[in-house]
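Chain by chain, the residues:
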Amino acid sequence: MAFRIKQLKRLNKKQLLFLEKKEEEIFHSAGINRYLLPVFAKYGKLFVIYKDNNIVGMAEFMSDWGDIKKVYLVGFSVFSEYQRHGVGKRFLSGLIERLKKENIEKIELTVDLANKKAFNLYLNAGFVKKEFSKDEYGPGNDRYIMELSLKE
Ligand SMILES: CC(C)(COP(=O)(O)OP(=O)(O)OC[C@H]1O[C@@H](n2cnc3c(N)ncnc32)[C@H](O)[C@@H]1OP(=O)(O)O)[C@@H](O)C(=O)NCCC(=O)NCCS
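Below you will find a few notes about this structure. (Residues numbered from 1 in each chain as written. Predicted model: local features only at pLDDT ≥ 70, side-chain atom pairs only at ≥ 80, totals over all residues.)

## Observations regarding helix H1 (residues 13-27)
At step 1: Here H1 contains 15 residues, and its C-alpha end-to-end distance of 21 Å stays within 8% of the 21 Å for a straight helix at 1.5 Å per residue.
At step 2: All of the buried residues along H1 are Leu19, Lys22 and Glu23. Buried positions in H1, seen along its axis, are confined to an arc of 100° and lie on one side of it. Facing away from the buried side of H1, by more than 90 degrees, are the exposed residues Lys13, Lys14, Lys21 and Glu25.
At step 3: Those residues of H1 that are buried lie in contact with helix H2 (37-43) and strand E3 (54-63).
At step 4: Positive phi appears at His28, one or two residues downstream of H1, with a value of about 55°. (Helix = DSSP H or I, 4+ residues; strand = E, 2+ residues; numbered from the N terminus. Expected span 1.5 Å × (residues − 1). Buried ≥ 20, exposed ≤ 12 C-beta atoms within 10 Å, placed from the backbone. Arc of directions from axis to C-beta. Contact = placed C-beta atoms within 7 Å.)

Below you can see the structure in the form of structure tokens.
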């Protein structure tokens, strides 16, 4: 299987609608929509992973204005039909390598307490649980805040 990770800096109409649809399918009301996807592409970082010629996952990052060497992983997903085949692991490690090359020192993210799949994936990639954040995204939306240090 041929996988490749690509940063999208601009989205054509087809990509925009496709990625919006996938975000909605996966994250429902928390999905990144057509108004924000281009903002991530231009001012944050938007990555996709291709299997052959199909996009099978996506990830969005913001950077920290106070500490430009720190980034926040806003969204990370592998589309459902491609899950459980090691794509998430491969995608995440590829992103980590890219960010290291850009001298990024820290990645932070939040994860739903019930999302064991994602939690295990991050843990296995070296992320550590930094804190429990009650009501991070509103009442009842608790999260773990996790971080990965990229410094040697
Ligand atoms: C989380 C997600 C990205 C994992 O992608 P994936 O391609 O299925 O993951 P992989 O096949 O590479 O598995 C990687 C690791 O994830 C964990 N994992 C995957 N599926 C799992 C499951 N059903 N139960 C528990 N852990 C699981 C394991 O640690 C696994 O490593 P292992 O195979 O060595 O045990 C994917 O399920 C997804 O997109 N989910 C919906 C969106 C989401 O929750 N994103 C994270 C938001 S914080």
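## Details of the pairing of strand E4 (residues 70-78)
At step 1: Examined bridge by bridge, E3 and E4 share 7 bridges and lie antiparallel to one another. Residue Glu60 lies in a different strand from E4, and its bridge partner there is Gly75.
At step 2: As judged from the 4 bridges shared by E4 and strand E5 (residues 106-112), these two strands associate in the parallel manner. Looking at the pairing, Lys70 lines up with Lys106 of E5.
At step 3: For the handedness criterion, the β-α-β arrangement of E4, helix H3 (residues 87-101) and E5 is classed as right-handed. (Pairing = 2+ DSSP bridges. Right-handed = clockwise from strand over helix to strand, strands pointing away.)

## As for the site of the ligand
At step 1: Near the ligand there are 19 residues, and of these Gln83, Gly88, Lys89, Asn120 and Leu121 occur at the shortest range.
At step 2: Contributions of two or more residues to the shell around the ligand are made by E4, H3 and helix H4 (116-124).
At step 3: Per-element accounting of the shell around the ligand gives the leading share, 6 residues, to H4.
At step 4: Residues that form the shell around the ligand fall into these classes: 7 nonpolar, 8 polar and 4 charged. (Near = placed C-beta within 6 Å. Nonpolar A, V, L, I, M, F, W, Y, C, P; charged D, E, K, R; others polar.)

## Notes on the pairing of strand E6 (residues 128-133)
At step 1: Little of E6 sits out of view: just 0 of its 6 residues are buried.
At step 2: Across 5 bridges, the pairing between E6 and strand E7 (residues 143-149) is antiparallel. Bridge pairing links Lys129 to Met146 in E7.

## Describing the sheet that holds strand E2 (residues 45-51)
At step 1: Taken in spatial order, the 7 strands make up an open sheet running E1-E2-E3-E4-E5-E7-E6, and their pairing is mixed. Looking at which strands have only one partner, the edges of the open sheet turn out to be strand E1 (3-7) and E6. This sheet shows a mean twist of 25° between the axes of neighbouring strands, independent of strand direction.
At step 2: Packing of H3 onto the sheet brings it into contact with E1, E2, E3, E4 and E5, and relative to E3 it is tilted by some 40°.
At step 3: H4 rests against E5 and E7 of the sheet, and its axis sits at about 155° to E5. (Axes fitted to C-alpha atoms, helices over the stretch in contact; angles between N-to-C directions.)

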